[in-house]
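Single-letter residue listing:
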Amino acid sequence: PVYVKPANQGSSVGISRVTDGSGIMEALRYGAQFDRRILVEKEIDCREIETAVLGNYRPEAAVTGEIVATDGFYDYDAKYLDDGKPKMKIPADIPAEISDKIREYAVRGFSAIDGAGFARCDFFIDKVTGDIYLNEINTLPGCTSFSMFPLLWENAGLPYSETIERIVELGYERYHAQNCRKTD
C-alpha cells in the first residue's frame, strides 16, 4: 500500500490510501485537485510521533506526543469529525532516548529548512526496525484548543497564551532582523 498526497496541503486533505495499482490514477487525480506536486509514500507499519518547535535562531522542541492508532489512517474525518477529539497521547509512551532523538531531529530539520517561528514535526517509528523517519515539517500547524502543537508546549510547561505570545514575539524578532538592519 501507498499514500498519495498533495505536497502542500494540511489536515490530511487530498490524501488517498491505495492498496493496489488500479487505484493509483484516481488517487493522483484527486490529489492534483489540491496541489500541482503530488507525493507517493510507501506505507510502513509505524507509530506516529510528533513534536513542536519554537524559535528563530535557537529553536527548541517541546515534548513528544503520539497519534494513537485509529481505524484506517489518520485522515481529516478522524482529526476533526470523529467526536471532535483527536486521538493523542502526550507525552508519547516511548523511551526517553528515542524522544530526545526525535526532538533533536526536529530542531535539525527545522533549521535545515531555515524555519522561523514555529512548526510541528511529524515522525514515524517503524514498528519492525525501530528506524525513525521525519515525515513532515508542518510550518503552519493548527493552534486550536485541541491541536497537537499547543498541547505539546502546554505539556512542556508553556501555557497556551504564552505559546501564542511567543509565536508573536518570534515574528517581531524575525521581522526586525530582516528589515531593520543598519547599512553604513
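Thresholds, definitions, all that
- Residues numbered from 1 in each chain as written.
- Predicted model: local features only at pLDDT ≥ 70, side-chain atom pairs only at ≥ 80, totals over all residues.
- Heavy atoms only, no water.
- Pairing = 2+ DSSP bridges.
- Helix = DSSP H or I, 4+ residues; strand = E, 2+ residues; numbered from the N terminus.
- Contact = heavy atoms within 4.5 Å.
- Axes fitted to C-alpha atoms, helices over the stretch in contact; angles between N-to-C directions.
- Buried < 20%, exposed > 50% of the residue type's maximum accessible area, 1.4 Å probe, protein only.
- Phe/Tyr/Trp six-rings, centres within 6.5 Å; stacked < 30°, edge-to-face > 60°.
- Salt bridge = Lys/Arg side-chain N within 4 Å of Asp/Glu carboxyl O.

Some words on the sheet that holds strand β8 (residues 132-138)
Strand order in the open sheet formed by five strands is β6-β5-β4-β7-β8, with antiparallel pairing between adjacent strands. At either end of the open sheet lies a strand with only one pairing partner, and these are β6 (88-89) and β8. Taken strand by strand, helix α3 (residues 96-112) contacts β4 (46-55), β5 (60-67), β7 (117-126) and β8, and its axis lies near 130° from that of β7.

Side note on the sheet that holds strand β3 (residues 38-42)
Pairing is antiparallel in the open sheet, where three strands are placed in the order β2-β1-β3. Only two strands of the sheet have a single neighbouring strand rather than two, namely β2 (16-18) and β3. Within the sheet, the average angular offset between the axes of one strand and its neighbour, ignoring direction, is 25°. Pairing geometry for strand β1 (residues 2-6) and β2, over three bridges, is antiparallel.

Side note on unusual backbone geometry
Glycine aside, the phi torsion of most residues is negative, and most peptide linkages are trans. With an omega of -5°, the peptide bond running from isoleucine 90 to proline 91 counts as cis. Located in the positive-phi region is aspartate 114, a residue other than glycine, with phi close to 60°. Mapping aspartate 114 onto the fold places it in the loop between α3 and β7. The exposure class assigned to aspartate 114 is exposed, which follows from its relative accessible area of 52%.

Considerations on the packing of aromatic side chains
The description of an aromatic ring pair uses the distance of the two centres, along with the angle that the planes make with each other. Per the stated rule, a full pass over the model turns up two aromatic pairs. Here the aromatic rings of tyrosine 30 and phenylalanine 34 are separated by 5.3 Å at their centres, their planes lie at 80°, and the arrangement is edge-to-face. Owing to a relative accessible area of 30%, phenylalanine 34 belongs among the partly exposed residues under this scheme.

Observations concerning the pattern of salt bridges
Per the stated rule, a full pass over the model turns up 10 salt bridges. Of the charged contacts, one joins arginine 120 and glutamate 50 as a salt bridge, the two residues approaching to 3.2 Å between their closest N and O atoms. Within this pair, whereas arginine 120 is found in strand β7, its partner glutamate 50 is found in strand β4, the two being separated by 70 residues in sequence. Using a relative accessible area of 12% as the deciding quantity, one classes arginine 120 as buried. Among the salt bridges present, the one from glutamate 104 reaches arginine 108, with a minimum N-O distance of 3.1 Å. On the criterion of helical spacing, the pair formed by glutamate 104 and arginine 108 is a turn pair, its members being four residues apart in helix α3. Its relative accessible area of 51% is what places arginine 108 among the exposed residues. Residues joined by salt bridges that share partners form a network here, namely Glu50, Arg120 and Asp122.

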